[in-house]
Amino acid sequence: MKVLIIGGTGNISRGIVAVLLKRNHEVVMFNRGQHPDAPPPEIQVIHGDRRDREDFENKMRAEKFDAVIDMISYNADDAASALRAFRGRVDGFIHCSTVMTYGPPFPFSGVNISETAPLNGTSEYGRGKIAADQLLLDAHAEDGFPVTIFKPSYTHGPGMSVHRQVGGDGSWIDRLHKGKPILSAGDGLNYFQFLASRDAGVGFAAALGRSECLGQVYNIVHPEARTWDEWHRTVAQALGVEAEIVHVPQETLIAISPERFRGLSGNFGHTQIYSGAKLARDIPEFQPETPLVKSLAENIAWMDKHNRVPDSDADDLEDRIIAAVCDLPTRFH
Ligand SMILES: NC(=O)c1ccc[n+]([C@@H]2O[C@H](COP(=O)([O-])OP(=O)(O)OC[C@H]3O[C@@H](n4cnc5c(N)ncnc54)[C@H](OP(=O)(O)O)[C@@H]3O)[C@@H](O)[C@H]2O)c1
């Protein structure tokens, strides 16, 4: 199959591309050619910016693909442009959405959240994805546009920094390296799902050519949920160090810096366990198997290579919060 991937050099994209090549598909990428990692040499790359609608659509209409995987579509305008470029011209179209489309009301704690859960994006990101998904599903209902929608939860790997619950940049990796304590929100026992991008790639690639996946929406998540503190400790393990974790109520962190800790007001401040049952039913090949320590070690090596581990000494807010929390009991002596 000749498969176009819009994106291709990014975090999840590269996992997908690796599996497509393994399955002997002919892969073509569309991107701006700005990403620091070069694509595999055997891949044809069409350069352009998908937001330059005319150029993108003309370039796409000049080509013929069996299937398209759109990794960088964030709103109805992106989806409408994809429809103008590919409607009636492809047998499969995978749209990468997100679990941040689910709601009622958001932020919320939930377990076993399935694809039928109400939609209620409270961020621009979530709302944009809902609108894009809907436009594509409408096109499927109207004339059978062959869309399949994937909704990943947190997916990690080379191509992006390793996140943590309290947010911020990659400097927490430097803190762990230096033996400094790290912050965790609440009791650190909120659950989340952590999928390696190479495992995600299997799900995306194996959906191609499956008629039962057309017009369908799938959560794509690791079946085993973990607490954030398990995640923090596993990252430390990948670095070969022990994590010293200091817990602070999330309301306190948000009050200290609403901007810095804004993620705690959303998904990361709540247990969010999404059901992967539908994907497991329709795409049995999707069986995440990458050991977390291994995928994290690769992810951190990528951060080191691309100078994505900022010096934690350059910003003392975390040190000041930790010092204040540790000092608190002495005020009552
Ligand atoms: N990682 C997660 O936890 C997570 C969770 C849920 C959903 N998602 C979804 O996953 C998708 C991101 O996929 P990814 O991880 O592969 O991407 P990524 O790491 O953000 O990389 C972006 C890719 O798209 C290309 N690109 C960016 N802007 C472009 C533009 N305007 N025109 C053409 N190409 C462009 C980049 O190459 P150039 O810079 O060279 O153009 C690169 O290949 C998004 O739709 C996101 O919503 C991710």
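Residues numbered from 1 in each chain as written. Predicted model: local features only at pLDDT ≥ 70, side-chain atom pairs only at ≥ 80, totals over all residues.

Colleague: Before we go on, may I ask you to explain the overall build of the chain in this structure?
Modeller: Helix and strand counts for the chain stand at 11 helices and 15 strands. Over its C-alpha trace the chain gives a radius of gyration of 21 Å, about what one expects of a compact globule, namely 20 Å for 333 residues. With respect to the three principal axes, the spread of C-alpha positions in the chain is 75 × 40 × 35 Å. Counting every position in the chain, which comprises 333 residues, the buried fraction comes to 42%. Of the contacts formed within the chain by residues at least 6 apart in sequence, a portion of 78% connects residues at least 24 apart. (Helix = DSSP H or I, 4+ residues; strand = E, 2+ residues; numbered from the N terminus. Rg over C-alpha atoms; globule rule 2.2 N^0.38 Å. Buried ≥ 20, exposed ≤ 12 C-beta atoms within 10 Å, placed from the backbone. Contact = placed C-beta atoms within 7 Å.)

Colleague: What's the story with the site of the ligand in this structure? I'm lost.
Modeller: In the region of the ligand, 24 residues are neighbours, and Gly7, Gly10, Asn11, Ser13 and Arg32 sit closest. Among the secondary structure elements, those contributing two or more residues to the shell around the ligand are helix 1 (11–22) and strand 8 (154–156). If you tally residues by element for the shell around the ligand, the top one is helix 1, at 3 residues. Looking at the shell around the ligand, its residues break down into 7 nonpolar, 13 polar and 4 charged. (Near = placed C-beta within 6 Å. Nonpolar A, V, L, I, M, F, W, Y, C, P; charged D, E, K, R; others polar.)

Colleague: I would appreciate a short explanation of the nonpolar core in the present structure.
Modeller: Soluble globular proteins: nonpolar side chains tend toward being buried together. Ranked by internal contacts, the top residues of the largest apolar core, which has 80 residues, are Val3, Ile5 and Val68. The element contributing the most residues to this core is helix 6 (residues 197–207), with 5 residues. Excluding residues within four positions of it along the chain, Val68 makes contact with Leu4, Ile6, Phe86, Val90 and Phe93. (Core = buried A, V, L, I, M, F, W, Y, C linked by C-beta atoms within 7 Å.)

Colleague: What am I meant to see in the sheet that holds strand 5 (residues 92–96) here?
Modeller: Paired through their backbone hydrogen bonds, the strands of a sheet run either parallel or antiparallel. With respect to topology, 7 strands assemble into an open sheet ordered 3-2-1-4-5-7-12, the strand pairing being parallel. Of all the strands in the sheet, the pair left with one neighbour each is strand 3 (44–47) and strand 12 (216–220). Sheet twist, expressed as the average angle between the axes of neighbouring strands with direction ignored, equals 20 degrees. With 5 bridges connecting them, strand 1 (residues 2–6) and strand 2 (residues 26–31) associate as parallel partners. Looking across to strand 2, one finds that Ile5 is bridged to Met29. Packing of helix 1 onto the sheet brings it into contact with strand 1, strand 2, strand 4 (67–70), strand 5 and strand 7 (147–152), and relative to strand 1 it is tilted by some 170 degrees. (Pairing = 2+ DSSP bridges. Axes fitted to C-alpha atoms, helices over the stretch in contact; angles between N-to-C directions.)

Colleague: Can you help me understand unusual backbone geometry in this one?
Modeller: For residues that are not glycine, phi is negative in most cases, and the peptide bond is trans in most cases. Although it is not a glycine, Asn112 sits at a positive phi angle of roughly 60 degrees. Along the polypeptide, Asn112 turns up in strand 6 (residues 110–113). Phi is positive for Asn307, which is not a glycine, with a value near 50 degrees. Considering the arrangement of structural elements, one finds Asn307 in the loop between helix 10 (292–305) and helix 11 (317–327).

Colleague: Looking at this structure, I do not really get the packing of helix 1 against helix 6. What am I missing?
Modeller: Any two packed helices are characterised by the angle at which their axes cross and by the distance between the axes. Where helix 1 contacts helix 6, the two axes come as close as 7 Å, and the packing angle between them is 60 degrees. The orientation of helix 1 relative to helix 6 falls into the category oblique. Crossing angle aside, the handedness with which helix 1 passes helix 6 is right-handed. Residues Asn11, Ile12, Arg14, Gly15, Ile16, Ala18, Val19 and Leu20 of helix 1 touch helix 6, and the partners they reach there are Ser197, Arg198, Ala200, Gly201, Val202, Phe204 and Ala205. Residues of the contact of helix 1 with helix 6, tallied by class, amount to 9 nonpolar, 4 polar and 2 charged. (Parallel < 35°, antiparallel > 145°, perpendicular 65-115°, else oblique. Left-handed = near helix turned anticlockwise from the far one by under 90°.)

Colleague: Hey, could you run me through the environment of Tyr74 in this one?
Modeller: Tracing the sequence through the fold places Tyr74 in the loop between strand 4 and helix 3 (76–86). A count of 17 C-beta atoms within 10 Å places Tyr74 in the partly exposed class. With 59 residues separating them in the primary sequence, Tyr74 and Asp133 have C-alpha atoms 9.4 Å apart. In contact with Tyr74, other than residues within four places in its own chain, are Tyr125, Gly128, Lys129 and Ala132.

Colleague: What exactly am I supposed to notice about helix 4 (residues 124–143) here?
Modeller: Count 3.6 residues to each turn of an α-helix, and residues three or four apart come out pointing the same way. Relative to the 28 Å expected for 20 residues at 1.5 Å per residue, helix 4 spans 29 Å between its end C-alpha atoms, a close match to the ideal helical length. One or two steps after helix 4, the chain reaches Gly144, where phi turns positive at roughly 75 degrees. (Expected span 1.5 Å × (residues − 1).)

Colleague: Explanation requested: the packing of helix 2 (residues 53–61) against helix 3 in the structure shown.
Modeller: At a minimum axis separation of 8 Å, helix 2 and helix 3 run at an interaxial angle of 30 degrees. As judged from the angle between their axes, helix 2 and helix 3 are roughly parallel. Between helix 2 and helix 3 the crossing geometry is right-handed. Taking contact as the criterion, the partners of Arg53, Phe56, Glu57, Met60 and Arg61 in helix 2 are, on helix 3, Ser81, Arg84, Ala85 and Phe86. In terms of residue class, the contact of helix 2 with helix 3 is made up of 4 nonpolar, 1 polar and 4 charged.

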